[in-house]
Amino acid sequence: MTETAPTDVPDSVLADTVLQRLTTVYPAAGNPFRAQEMVAYMKGVAPFLGIRTPERRALSRTVLDGTPRPDEHDCAAVALRCFALPEREYHYFAVDYLRRHVKRCSSDFLPVARRLVTTVSWWDTVDHLAAHVVGGLVAADPALGARMDEWIGDEDLWVARTAILHQLRFKEATDADRLFAHCLRRAGDTDFFLRKAIGWSLREYGKTAPAEARSFVAAHTGRLSPLSVREALKHL
């Protein structure tokens, strides 16, 4: 069964507090010149305030100082409200927040994660959502692997990329059969981001099971793109 994306943002007093602080503290630290550089580097995917990562995370600690631990509804509210704002730093805040609190979320959070993956999609947010949020949900509930089998065939390349990358941090717990099947399912795609994801996921698995990764690449060199093969074998 395919999950239904949430249409409404949950009510959350905690999210009200966080967003009020966030939208006060972040803009005050913005740098218009640096923002232009960031927009150019990220190919214009979104406007930026111009806050570098170390400073942004320090500001985030100020924003969250004294706030309680969120529940799943709070996590959804904070993330969805951040992604509704235009500047990219707010999206980064949401991703960091979910990475920190993903263990407080149940399998029911997956539709929210998908909505975030498909909102202002680019590698800078999608890859962290894939490895740390979606991956965290699947690790806690392996039954969600069946959803990843649906996502890998999705016409949205970022959803498919998420399916490929969701096991990136699983190490010995990697479902190698699923990883290999996902790589082969999208091996014929010409899209750079899918080809890169295939190679990256195989390279990461190769750190845990180098013989298996090498064997898979050798057996399917004709199907995998040169980029995927090159990335997969980079450190093997």
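Refer to the structure printed above.
Only a predicted model underlies this, so the values are computations on that prediction, with no experimental measurement involved. Along each chain, the written sequence defines residue order, and numbers are assigned to residues from 1. pLDDT decides what is reported in this predicted model: residues at 70 or higher carry local features, side-chain atom pairs at 80 or more are listed and counted, and totals for whole chains, interfaces and linings draw on all residues regardless. As a convention, hydrogens and water are excluded, and side-chain values are obtained from all of the structure's heavy atoms.

### Observations concerning the overall build of the protein
We apply this condition: The helix and strand labels rest on DSSP assignments: H or I over at least four residues marks a helix, E over at least two residues marks a strand, and numbering proceeds from the N terminus. A simple rule labels every residue: compare its accessible area, found with a 1.4 Å probe on the protein chains alone, to the largest value its type can have, and call it buried under 20%, exposed over 50%, or partly exposed in between. Throughout, a contact is declared for two residues whenever any of their heavy atoms are within 4.5 Å.
Each helix and strand in the protein was counted, giving 13 helices and zero strands. Sequence-ordered secondary structure for the protein, helices as α and strands as β, is α-α-α-α-α-α-α-α-α-α-α-α-α. Along the longest, intermediate and shortest principal axes, the C-alpha atoms of the protein span 55 × 40 × 30 Å. For the protein, buried positions account for 50% of its 236 residues. Summarising the internal contacts of the protein: among those between residues at least 6 apart in sequence, 72% fall at separations of at least 24.

### Points about the packing of helix H4 (residues 72–83) against helix H5 (residues 88–101)
Quick reminder of the rule: Helix axes are fitted only over the stretch in contact, all axes being lines through C-alpha atoms; the angle between N-to-C directions runs from 0 to 180 degrees. We call two directions roughly parallel when the angle between them is under 35 degrees, roughly antiparallel when it is over 145, roughly perpendicular when it lies between 65 and 115, and oblique otherwise. Crossing handedness follows the turn of the near helix against the far one: under a right angle anticlockwise gives a left-handed crossing, and clockwise gives a right-handed one. Gly counts as polar in this scheme, as do all residues outside two lists: the nonpolar Ala, Val, Leu, Ile, Met, Phe, Trp, Tyr, Cys and Pro, and the charged Asp, Glu, Lys and Arg.
Orientation of H4 relative to H5, taken along the N-to-C sense of each, is 160°, at an axis distance of 8 Å. With respect to H5, the axis of H4 lies roughly antiparallel. Between H4 and H5 lies a crossing whose hand is left-handed. Packed against H4, whose contacting residues are Cys75, Val78, Ala79, Cys82 and Phe83, the element H5 presents Tyr90, His91, Phe93, Ala94, Val95, Tyr97, Leu98 and His101 at the interface. When the residues that make up the contact of H4 with H5 are grouped by side-chain class, the tally is eleven nonpolar, two polar and no charged.

### Quick look at the environment of leucine 227
Checked against the element boundaries, leucine 227 lands in helix H13 (residues 226–232). For leucine 227 and phenylalanine 192, which are 35 residues apart along the polypeptide, the C-alpha to C-alpha distance reads 8.3 Å. With sequence-adjacent residues up to four places away left out, leucine 227 is seen in contact with Phe192, Arg195 and Lys196.

As far as function goes, none of this settles anything; it's purely spatial.
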